[in-house]
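# Architecture and fold: a report
So the chains spell out like this:
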Amino acid sequence: MAKLYLKFEQQVLKEVSLTPATLTIGRLPDNMLQIDNLAVSGHHAKVTWDDGHYAIEDLGSLNGTYVNNQRVGKASLRDGDQVLIGKHVVQFRDETHVPEPAAPPKPIATLDPTVMLDTRKAQEMLAGPSAAGSAPAAAMPPKDRTGVLNVLDGKADQAQYVLTSKMTMIGKSNMASIRLKGLFAPNSAALISRRDGKYFIAASEAKIKVRINGEEITGQHELNDGDIIEVASLKVAFSFQE
């Protein structure tokens, strides 16, 4: 049987069994899997049975749908895939196609329904502790380095940003950590993710252009010390601090 596990900070909040019927995911209560968080669109994504397998499809959400840290419009799901919806992770498990039973989910935590989650808090969304420990210590990149953005040109709410979060949004939205100013600034321009001491940047939408050192990038791009980033009307320099 295939299931979805809704997680927040590695804690399982909800478990849903899948059927061939379409399952919708979003912030509104009419969704079969409701995620009550402002980073989630009212109807964010849906899971469907498609030609012998399950697939997830984004429904035009503001912040996008990510499968294993790659933004998708529609993608097939395989056992163990992790889907990022806003600040939550939805893990897909297909127990009928794995040799051993999946480990039981952790006990569901008792949540205060009035808690508002800090949209700028660091989230361990995709890389679990086991992934970090799978490689030899000597091969791991340094994790005590923190990325810094210094604004060179453009309108933003600060002159410098220290990238301590696992995911940092650049845009005009109230959920953005790097707030753009200006009438025509996009609500969400780009996302910077932090994994194992490295930083990666990707445009939030296909129509938004991101340039690194003057060259336009596609998909996710790893940031290196000294890179110059241009997105929307903002120009910043990326560097590491120990």
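So, a few notes on the structure that sits alongside this text. (Residues numbered from 1 in each chain as written. Predicted model: local features only at pLDDT ≥ 70, side-chain atom pairs only at ≥ 80, totals over all residues. Heavy atoms only, no water.)

Looking now at the environment of Ala156. With respect to the helices and strands, Ala156 occurs in the loop between β12 (146-153) and β13 (160-163). The exposure class of Ala156 is buried, given its relative accessible area of 16%. A sequence separation of 23 residues divides Ala156 from Arg179, and the C-alpha atoms of the two residues are 5.6 Å apart. The residues contacting Ala156, other than those within four sequence positions of it, are Val151, Tyr161, Arg179, Lys181 and Leu234. (Helix = DSSP H or I, 4+ residues; strand = E, 2+ residues; numbered from the N terminus. Buried < 20%, exposed > 50% of the residue type's maximum accessible area, 1.4 Å probe, protein only. Contact = heavy atoms within 4.5 Å.)

The next subject is empty space enclosed by the protein. Rolling a probe over the atoms, with the probe sized like a water molecule, indicates the empty space that remains. All told, the structure shown has two cavities of 30 Å³ or more when counted by the stated rule. Considered as a void within the structure, the second largest cavity measures approximately 40 Å³ in volume. Taken together, Tyr66, Asn69, Met167, Leu191, Ser193, Phe200, Ala202 and Gln220 make up the full set of residues lining the second largest cavity. Elements represented by at least two residues in the lining of the second largest cavity include exactly β16 (190-195) and β17 (198-203). Here the lining of the second largest cavity is built from residues that sort into five nonpolar, three polar and no charged. (1 Å grid on protein atoms, 1.4 Å probe; cavity = no way out; pocket = protein on both sides within 12 Å on 5 of 7 lines; lining within 4 Å. Points joined across faces, edges and corners; volume = space filled by probe spheres on them. Nonpolar A, V, L, I, M, F, W, Y, C, P; charged D, E, K, R; others polar.)

Read from one edge to the other, the open sheet built from five strands follows the order β4-β3-β5-β6-β9, with strand pairing classed as mixed. The two strands at the open ends of the sheet, each matched to only one other strand, are β4 (33-34) and β9 (74-76). Bridge count for strand β6 (residues 53-58) against β9 is three bridges, and the pairing is antiparallel. Residue pairing across strands places Glu57 opposite Lys74, the latter belonging to β9. (Pairing = 2+ DSSP bridges.)

Tallying each qualifying case throughout the model produces five aromatic pairs. Ring centres 5.9 Å apart and planes at 55° place the aromatic pair Tyr199 and Phe240 in the tilted group. Here Phe240 lies in strand β22 (residues 234-241) and Tyr199 lies in strand β17, a separation of 41 residues in the sequence. Just as Tyr199 is buried, Phe240 falls in that class too. (Phe/Tyr/Trp six-rings, centres within 6.5 Å; stacked < 30°, edge-to-face > 60°.)

All right, on to the pairing of strand β2 (residues 11-17) then. Two elements, strand β1 (residues 2-8) and β2, share six bridges in a ladder whose sense is antiparallel. Looking at β2, one finds that Phe8 is bridged to Gln11. Counted between consecutive antiparallel strands, the loop separating β1 from β2 contains two residues, among which Glu9 sits at a positive phi close to 55°.

In this fold, Gly197 is placed in the loop between β16 and β17. For the pair Gly197 and Arg145, spaced 52 residues apart in the sequence, the C-alpha separation amounts to 6.4 Å.

When the charged atoms of two side chains lie near each other, side chains of opposite charge can form a pair. A full pass over the atoms with the stated rule returns seven salt bridges. Linking Glu15 and Lys3 is a salt bridge whose minimum nitrogen-to-oxygen distance equals 2.8 Å. Of this pair, Glu15 sits in strand β2 while Lys3 sits in strand β1, placing them 12 residues apart in sequence. In this structure, a network of salt bridges that share partners links the residues Lys209, Arg211 and Glu216. (Salt bridge = Lys/Arg side-chain N within 4 Å of Asp/Glu carboxyl O.)

Just geometry here; none of it tells us what the structure is for.
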